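An overview of the molecular structure
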Amino acid sequence: MKTLFTAEAISKGGRSGAIETPDQLLNITLGNPLELGAEKLGPNPELLFAAAYSACFHGAVRGAAKKLGTPVADSIVRALVSLREDDDGGYHLAVELRAHIPGTDRPQVQRIMEEAHQTCPYSRAMRGDAKVTLVVS
């Protein structure tokens with residue numbers, strides 16, 4: 001497998017801290033909706049993930065639509081990411097993806113979304129396809 005590029009982000013302080021990138025394209029104080037008073041300090045990790053997933057999935061939708069011969073002008077993809085807690089105190093993400101393609105009937109949009117879900121790297125990662133390497137530095 002060929003690596004196309006690698007993105008790097010650094011977290012300081014966890015959910016109630018900040019994130020930055022070495023090139024300073026991102027330098028964000030995080031807000032924590034689970035901590036009273038900190039919820040409005042900035043975006044939370046789930047919001048950032050929703051933003052990234054919606055953009056990535058939208059690219060996959062555009063590719064799938066092209067493959068299926070459907071124009072996608074003015075299309076919109078919305079990602080809703082929820083943080084959930086199970087009965088054992090473990091945390092999980094739940095994602096709902098919504099797509100709107102003006103002028104395209106619902107069954108065709110569904111076909112496009114299903115095709116996109118097979119190729120989007122975020123969708124694949126959510127199915128356990130991502131390789132995660134743990135390194136102590």
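See above for the structure.
Scope of this entry: the structure provided in the associated data block. Counting starts from 1 at the beginning of each chain's written sequence and moves along it residue by residue. The predicted nature of this model means local features are confined to residues of pLDDT at least 70 and side-chain atom pairs, given and counted, to a pLDDT of 80 or more, with totals for whole chains, interfaces and linings taken over all residues. Here the side-chain values reflect all heavy atoms present in the structure, with hydrogen atoms and water set aside.

**Focus: the pairing of strand β4 (residues 76-85)**
The condition is simple: Pairing between strands requires that DSSP locate at least two bridges from one strand to the other. Put simply, DSSP H or I for four residues or longer makes a helix, DSSP E for two residues or longer makes a strand, and each gets a number counted from the N terminus.
Here ten bridges tie β4 to strand β5 (residues 91-100), and the two strands are oriented antiparallel to one another. Looking at β5, one finds that Leu80 is bridged to Glu96. Counted along the chain from β4 to the antiparallel partner β5, the turn is five residues long, and its residue Gly89 has a positive phi close to 85 degrees.

**Comments concerning the packing of helix α1 (residues 45-67) against helix α2 (residues 106-119)**
Just so we agree on the cut-off: Structural elements are reduced to axes, namely lines fitted to C-alpha atoms, with helices fitted over the stretch in contact, and the angle between N-to-C directions of any two is expressed from 0 to 180 degrees. Between 65 and 115 degrees an angle is taken as roughly perpendicular, under 35 as roughly parallel, over 145 as roughly antiparallel, and anywhere else as oblique. When the near helix sits turned anticlockwise from the far one by under a right angle, the crossing is termed left-handed; a clockwise turn instead gives a right-handed crossing. Contacts are assigned to residue pairs with any non-hydrogen atoms lying within 4.5 Å of each other.
Here α1 crosses α2 at 120 degrees, and the two axes come no closer than 8 Å. By the criterion of interaxial angle, the relationship of α1 to α2 is oblique. In this structure, α1 crosses over α2, and the sense of that crossing is right-handed. Two secondary-structure elements touch here, α1 through Tyr53, Phe57, Ala60, Val61, Ala64, Ala65 and Lys67 and α2 through Ile112, Met113, Glu115, Ala116, His117 and Thr119.

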